[in-house]
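# Structural overview
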Amino acid sequence: MTSIALPENIDSLKAYSSAKSEKLTGTTWLNANESPYAKVYETCFDTLNRYPDPQPEAVIDAYSQYSGIDTDGVVMTRGADEGIELLVRTYCQPDKDSITIFTPTYGMYKVTADTHNVSINELSQQQLADASIAELVSAIGDSKLVFICNPNNPTGSIQPLQRIAQLAESLAKKALIVVDEAYIEFCEQQSCAPLISGLDNIVVLRTLSKAFALAGLRVGFMLSNPKLLAPIRKVIAPYPVSTVVAVIAAQALSADAITQMRRQVSILNVAKKKLISWLQESEIVKEIFSGEGNFVTLQLTDKCYVQIATQMGLIMRPFLLYGQDNWLRISIGNEQELKQVKSWLAVCRQAEEV
Ligand SMILES: *Cc1c(COP(=O)(O)O)cnc(C)c1O
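It is worth spelling out the packing of helix α6 (residues 133-140) against helix α7 (residues 161-170) at this point. Relative to each other, α6 and α7 sit at 50°, their axes nearing to 10 Å. In terms of their interaxial angle, α6 and α7 are classed as oblique. Classified by chirality, the crossing of α7 by α6 is right-handed. Packed against α6, whose contacting residues are Ile-133, Leu-136, Val-137 and Ile-140, the element α7 presents Arg-163, Gln-166, Leu-167 and Ser-170 at the interface.

Time to look at the nonpolar core. Counting 82 residues, the largest nonpolar core has Ile-177, Phe-221, Ile-330 and Trp-344 as its most contacted members. A per-element tally of this core places helix α10 (residues 255-281) first, with 9 residues. The two domains that each donate at least three residues to this core are domain 1 (8-35 + 257-353) and domain 2 (57-253). Those residues within four positions of Ile-330 in sequence are excluded, and the remaining contacts are Leu-30, Leu-275, Leu-279, Asn-294, Phe-295, Val-296, Leu-298, Met-316, Val-341 and Trp-344. Counting residues in hydrophobic clusters, the runner-up holds 24 residues, among them Leu-86, Val-88, Ala-113 and Val-118.

This brings us to the sheet that holds strand β8 (residues 220-223). Overall, mixed pairing links the 7 strands, which are arranged β2-β8-β7-β6-β5-β3-β4 in an open sheet. Unpaired on one side and paired on the other, β2 (74-77) and β4 (119-124) mark the two borders of the sheet. Across this sheet, the average inter-strand angle for adjacent strands is 25°, counted without regard to direction. Direction of pairing for strand β6 (residues 176-180) relative to strand β7 (residues 202-207): parallel, over a ladder of 4 bridges. Bridge pairing in β7 links Ile-177 to Ile-202. Across the sheet, helix α2 (residues 57-67) touches β2, β7 and β8, and the angle it forms with β2 is around 120°. Those strands touched by helix α3 (residues 79-91) are β2, β3 (98-103), β5 (145-149), β6, β7 and β8, and its axis lies near 150° from that of β7.

Here is what the cut-offs are and how they apply
Position numbers for residues start from 1 in each chain and track the written sequence from start to end. Two thresholds apply to this predicted model, a pLDDT of at least 70 for residue-level local features and 80 or more for giving and counting side-chain atom pairs, whereas whole-chain, interface and lining totals are computed over all residues. By convention in this description, side-chain values take in all heavy atoms of the structure and omit both hydrogens and water. Under this scheme, a helix contributes an axis fitted over its contacting stretch, all axes are lines through C-alpha atoms, and angles between N-to-C directions fall in the 0 to 180 degree range. Strands here mean DSSP runs of E at least two residues long; helices mean DSSP runs of H or I at least four residues long; both are numbered from the N terminus. Oblique is the label for every angle not falling under 35 degrees (roughly parallel), over 145 degrees (roughly antiparallel), or within 65 to 115 degrees (roughly perpendicular). Definitions for this section: a left-handed crossing has its near helix turned counterclockwise from the far helix by less than a right angle. A right-handed crossing has that turn clockwise. We call two residues in contact whenever any of their non-hydrogen atoms come within 4.5 Å of each other. Each nonpolar core is a collection of buried residues, namely Ala, Val, Leu, Ile, Met, Phe, Trp, Tyr and Cys, held together in the definition by side-chain atoms within 4.5 Å. Throughout, exposure labels follow a simple rule: accessible area from a 1.4 Å probe, protein chains only, divided by the maximum for the residue type, with under 20% read as buried, over 50% as exposed, and the rest as partly exposed. Residue ranges assigned to each domain were obtained from an automatic or database domain assignment. Paired strands, as defined in this entry, are two strands with at least two bridges between them according to DSSP.

Nothing here speaks to function; it is geometry throughout.
Here is the structure:
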């Protein structure tokens, strides 16, 4: 043997292709649901010789206040992605347990399960939206974790609070409902956080990567009841958040910064309506999922239009959906960036007329 043998589940992994892993060249980046609003943060450090606070108090306090969840129900993570991983590592036994996901959905649930040798019970977004609670409970079977991305990436669809509460109640003592609220700031009143106090089996995942415009910082939060978080606190790395990250995150969660974030969210939500109206008028667009996030997912009449965008320096996220490769997700950027999308639609239209 020339190399060290890998566990089977690791050997069969395909490299995860995130929006940023492909080396694309462009001028307008609307492929990773990032915020267009960069901000300058104060950074001055004279204590980097010391280990950081494992759960920085100022940040936990600020997020507790922002989310309405007591401080002992808040865990700070290295992005929501680490939250997903911690849940699988803590609550699933490899080679035995399964998680339920509703596809199409965020890719990291599957990647995390695969890397930990946890199997996947794949249900559909349609089932999640249309099946009765009893049917869902039966389809979920003995899965330990049920991931509900709300709003869902990439379809934007959202499940009503009441339905998630009913599902959680029906799965009490059997499974944990994980509500991934990466995009919840774009539809704030639909958060499941208020369900936490009344239910024993609900976890809400949050991030500073989207509405808070800090994808580069890598900060997420896990919200739940203290009992559910206790084992997570044993599994998490001893120092998951660097001092530098904690100082910036605390600034991002100040009252002023939250006001600014909300203002940006309303601007983006208005811009999204404008983008949707352009897409509705476009002849190269077959179907649109507008949804509740800071992105729009659409089906093109032909995937060749993606190449035209790339040639124009406009990077969006093409992907395969329902067996068809002509789908595209467009993140909501600033006015200038969306103008680029408008120009692209015009260029494609001309190309079509030729
Ligand atoms: C972007 C995204 C995340 C990742 O959040 P990070 O905090 O950047 O790790 C998690 N879930 C969904 C649905 C996302 O779209």
